[in-house]
Amino acid sequence: ERPVAVAARRVHQSQASGDRLFGLGHELSVRRPVAEPGQCSAEGTVSLVGPKRTSEKVRSLGPARAEDKVEIARSDEYYLGVDAPVRASGDLANTPGITLRGPKGEVTLKSGLICALRHIHMSPDDAAHFGVADRDIVDVAVAGHGRNLTFDDVLVRVSPDFRLEMHVDTDEANAAG
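As the structure is a prediction and not an experimental result, all values here were calculated from the model. (Residues numbered from 1 in each chain as written. Predicted model: local features only at pLDDT ≥ 70, side-chain atom pairs only at ≥ 80, totals over all residues. Heavy atoms only, no water.)

Can you walk me through the side chain of Asp 169 in this structure?
Inspection of the secondary structure assignment puts Asp 169 in strand β14 (residues 165-169). Here Asp 169 sits buried without a salt bridge, and the closest side chain of opposite charge, Arg 118, lies 6.9 Å off (N-O distance). Ignoring anything within four residues of it in the chain, the contact list for Asp 169 reads Val 6, Ala 7, Ile 72 and Ala 73. (Helix = DSSP H or I, 4+ residues; strand = E, 2+ residues; numbered from the N terminus. Buried < 20%, exposed > 50% of the residue type's maximum accessible area, 1.4 Å probe, protein only. Lys, Arg positive; Asp, Glu negative; His and termini not counted. Salt bridge = Lys/Arg side-chain N within 4 Å of Asp/Glu carboxyl O. Contact = heavy atoms within 4.5 Å.)

If you want it as structure tokens, here you go:
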């Protein structure tokens, strides 16, 4: 059995956006660590303001990033009234933007809104064990929960900073039970 994590809608913000959303000099405070070493779920939340509706209490992940990024699921797209492409986490070229609303202000992103491509984080030792390399695409069968399912097109991400964990969004997790 291998670990699978469900990644709900989330915001990775730059320091400049954090300052506008939460106040000048804002530092993300750790709510709880996540699987990737050095990263965390932060205390601060924002709202995603779409053309149709607004999603409240969307969690920020830390630390602050070089550029802003918002990751949502397909069901979030319908709710918000946006059209976000399915992309690997850092592939933000030619993506739409969205407005973020925090307790101290708003930021309208020109780009950075995606549905994250399902992926597996793993160490080089794990990659060697499974016979895969960074950026490979694999299929993953999920079984044993009454809703057996094979996820095609799963991106492999390899780094010494990663531990073995597959990331799917809430829609994908619900489909697999």
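Mind showing me how you'd approach the pairing of β14 here?
Successive residues of a regular strand alternate their side chains across the two faces of the sheet. Summarising burial for β14: 5 of the 5 residues are buried, a large majority. Because side chains alternate across β14, one face comprises the buried residues Glu 165, His 167 and Asp 169, and the other comprises Met 166 and Val 168, equally buried. Here strand β11 (residues 119-122) pairs with β14 via 3 bridges, running antiparallel. Across the sheet, residue Ile 120 finds its bridge partner in β14, namely Met 166. (Pairing = 2+ DSSP bridges.)

When you look at empty space enclosed by the protein in this model, what are you seeing that I'm missing?
A probe matching the size of a water molecule, rolled over the atoms, marks out where space remains unfilled. The tally for this structure, following the rule as stated, stands at 1 cavity of 30 Å³ or more. Empty space within the largest cavity amounts to approximately 50 Å³. The greatest single-element share of the lining of the largest cavity, amounting to 3 residues, is contributed by β14. Grouping the constituent residues of the lining of the largest cavity by class yields 4 nonpolar, 2 polar and 4 charged. (1 Å grid on protein atoms, 1.4 Å probe; cavity = no way out; pocket = protein on both sides within 12 Å on 5 of 7 lines; lining within 4 Å. Points joined across faces, edges and corners; volume = space filled by probe spheres on them. Nonpolar A, V, L, I, M, F, W, Y, C, P; charged D, E, K, R; others polar.)

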